[in-house]
Amino acid sequence: MSGMVEKKGWRRVALHAGIITGIAIVCFPIYVAFVASTVTQGDLVRPPMPLLPGPHLIENYTRAIFQGYGTPVWRMLWNSLVMALGITVGKIAISIVSAYAIVYFRFPFRMFFFWMIFLTLMLPVEVRIVPTYAVAADLSLLNSYTGLILPLIASATATFLFRQLFLTIPDELVEAARIDGAGPIRFFRDILLPMSRTNIAALFVILFIYGWNQYLWPLLITTDADMNTIVMGIKHMLPTGDQTVEWPVIMATALLAMLPPVAVVLFMQRLFVKGLVESEK
Amino acid sequence: MAEIALRDIRKSYGPTEVIHGVSADIADGELIVIVGPSGCGKSTLLRMVAGLETVTAGSIAIGGRVVNDLEPRERDIAMVFQNYALYPHMSVFDNMAYGLKIAGISKSDIAAKVNDAARMLELEPYLARKPRQLSGGQRQRVAMGRAIVRSPSAFLFDEPLSNLDAKLRVQMRLEIKALQRKLGVTSLYVTHDQVEAMTLADRMIVMNEGVAEQIGTPLEVYNNPATTFVAGFIGSPPMNFLDAERLRSVLARQGPNRLDRAVTIGIRPEHVERTTVGNGLLDATVAFIEALGAETLLHLKTDAGETVVVRSANPEETVRPGERIGLKAVPDHLFAYDADGRRVASED
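Since the model is a prediction, treat every value here as computed from it, not as a measurement. (Residues numbered from 1 in each chain as written. Chains lettered and ligands numbered in written order. Predicted model: local features only at pLDDT ≥ 70, side-chain atom pairs only at ≥ 80, totals over all residues. Heavy atoms only, no water.)

A. Fine view of the overall build of chain A. Across its full length, chain A holds 15 helices and zero strands. Its C-alpha atoms give chain A a radius of gyration of 24 Å, clearly above 19 Å, the size a compact globule of 281 residues would have. Dimensions along the principal axes, computed over C-alpha positions, put chain A at roughly 75 × 65 × 30 Å. Every one of the 281 residues in chain A was classed for burial, and the buried ones make up 39%. Taking all contacts inside chain A whose residues are at least 6 apart in sequence as the whole, residues at least 24 apart take part in 73%. By element, 72% of the accessible surface of chain A is carried by carbon and sulfur atoms, the whole surface being about 15900 Å². Separation between the mean location of the 20 positive side-chain charges and that of the 16 negative ones in chain A comes to 7 Å. (Helix = DSSP H or I, 4+ residues; strand = E, 2+ residues; numbered from the N terminus. Rg over C-alpha atoms; globule rule 2.2 N^0.38 Å. Buried < 20%, exposed > 50% of the residue type's maximum accessible area, 1.4 Å probe, protein only. Contact = heavy atoms within 4.5 Å. Areas by Shrake-Rupley, 256 points an atom, 1.4 Å probe, with all protein chains shown as cover. Lys, Arg positive; Asp, Glu negative; His and termini not counted. Charge placed at Lys NZ, Arg CZ, Asp CG, Glu CD.)

If you want it as structure tokens, here you go:
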């Protein structure tokens, strides 16, 4: 294995050059956005486009966060955070509980329910968006956090993932817990939850980003500008027709929108790796 | 401390009955080994006592209380599993303490009990470790510790040594025996290993295809196997079985005969002696020889094609493969079985 990695000098240089080029290609647009968020609109529209950060960073970001366009960015970040966390926590909670029911309890139509959940994999939000909207409207969930979160909470993927995990937990462990006197709730809390830590961490990352990036559903369900999420907020900022816009402020908003998912990945990655190293059966 | 009474226990999965009415009385403090080949129902029987399987018919009483409809935790038993079944995310201490914690025992009492058990099992240095940081033998000790701390009425062991290597198995076998003696807790121990059964058991239940073929002390079972199955299962190498018909004339010559109804004659390898050709029960050809040091096993083929194993105390056997020798039986060590494999009662 190490023989494969330890290459001669020039090969290593070439490999590194390749990696650096790749990273540069991926990072360049983000860098340009960052530069654009630190200059004035005048600097930006005058060719050549600036490639070095300017002195207006604080000014642009302050404007974006507290003023924005219509809705201040802090408000939209907050909305997005509530929605993303709501979706993530809700999805994990619901799917781990339904997987628990499907794997460990015998009830009528158990497999029927399992396949019903599984079938919803074929019906993503976009497909069922009109009826879902009608239901949400009837329940007067428009312009509310509940309306943003609830319809996106059911998750066949996460249920399936937890089901597979539970199926790998040996029966003897379940029986040992029964003999130790653990009832269903204790078993779930003391044994199953800690053993699912790694999966929960991984799902948290994936689902948070999924929730954060929701666009279509928030666009439909929120009409009040105060309920806008950041992802749809950026879209609203884009110029329509001959309107002039402040590109530095838009770029600042875009970069701010990237921060929470990045933070979640960085933070959870540590837990995630720790979980992988620590727990095995 | 309690006696266990099994009354005509039956178990069916759908229309298939897998346990056909097992009855046994286990005295307080006794170690009973249930032994049999895989699929004989021994684990199912144990799991019914534990409350992990429902009882289709019959009754199980622990300490005089019928427990058929009680949850495992209400039966006051502890179980040791083959794969240890330790909680992987808990430390050794927490693994042993979990049952007590659920029972609502105070923290200081739990710590005292766990520390006592850990001392007894020499687990003290490992209390803070996770199960995966322990060797197989240590894990099995933790599993036993988990059983001990609860001071139950009965221990149930489900093939606890099967995952250990041969040397450790012998050592742990002795430890379990010593521990059970010391604690004096009624124990049911399931194994497929007849050596384990012979060495551990106060009494053993030999099971085959859902039936208890014989219940008795190891030596009773060894010296008086009730069926050909028991005779063939207990003892290594197993008992030799010969067709009674061909031996009848020879046996008749030897005097009064109680083997008339016998279909099969069984002889233990140590009860076969060598003699000159034509002078014994039958003649056979040496097929191969296993010298085990303290003793030598001779594998022979009779003219009818039956295999006979002879255990010879002489470590330096002079016979060679291909040689023909005569075989005779040590008197009174011939076992007669009828067509159903049941022992033919002697009619003296």
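B. The sheet that holds strand β11 (residues 240-243) of chain B, seen in detail. All names here are of chain B. Reading across from one edge, β11-β12-β18 is the order of the three strands in this open sheet, with antiparallel pairing throughout. In this open sheet, the two strands that pair with only one neighbour each are β11 and β18 (335-337). Neighbouring strand axes in the sheet, compared pairwise and without regard to direction, differ in orientation by 30° on average. With four bridges joining them, β11 and strand β12 (residues 264-267) adopt antiparallel strand pairing. Each residue of the ladder has a partner; that of N240, found in β12, is I267. (Pairing = 2+ DSSP bridges. Axes fitted to C-alpha atoms, helices over the stretch in contact; angles between N-to-C directions.)

C. Spotlight on the nonpolar core. Formed by 80 residues in total, the largest nonpolar core has its most connected members in F166(A), L45(B), I60(B) and L188(B). Among the elements that take part in this core, helix α5 (residues 73-104) of chain A stands out by supplying nine residues, more than any other. The contacts of L188(B), once residues within four sequence positions are left out, are I4(B), I26(B), I32(B), I34(B), L46(B), V49(B), F155(B), L156(B) and F157(B). Formed by 45 residues, the second largest nonpolar core is a distinct cluster that contains V142(B), F155(B), F157(B) and Y222(B). (Core = buried A, V, L, I, M, F, W, Y, C linked by side-chain atoms within 4.5 Å.)

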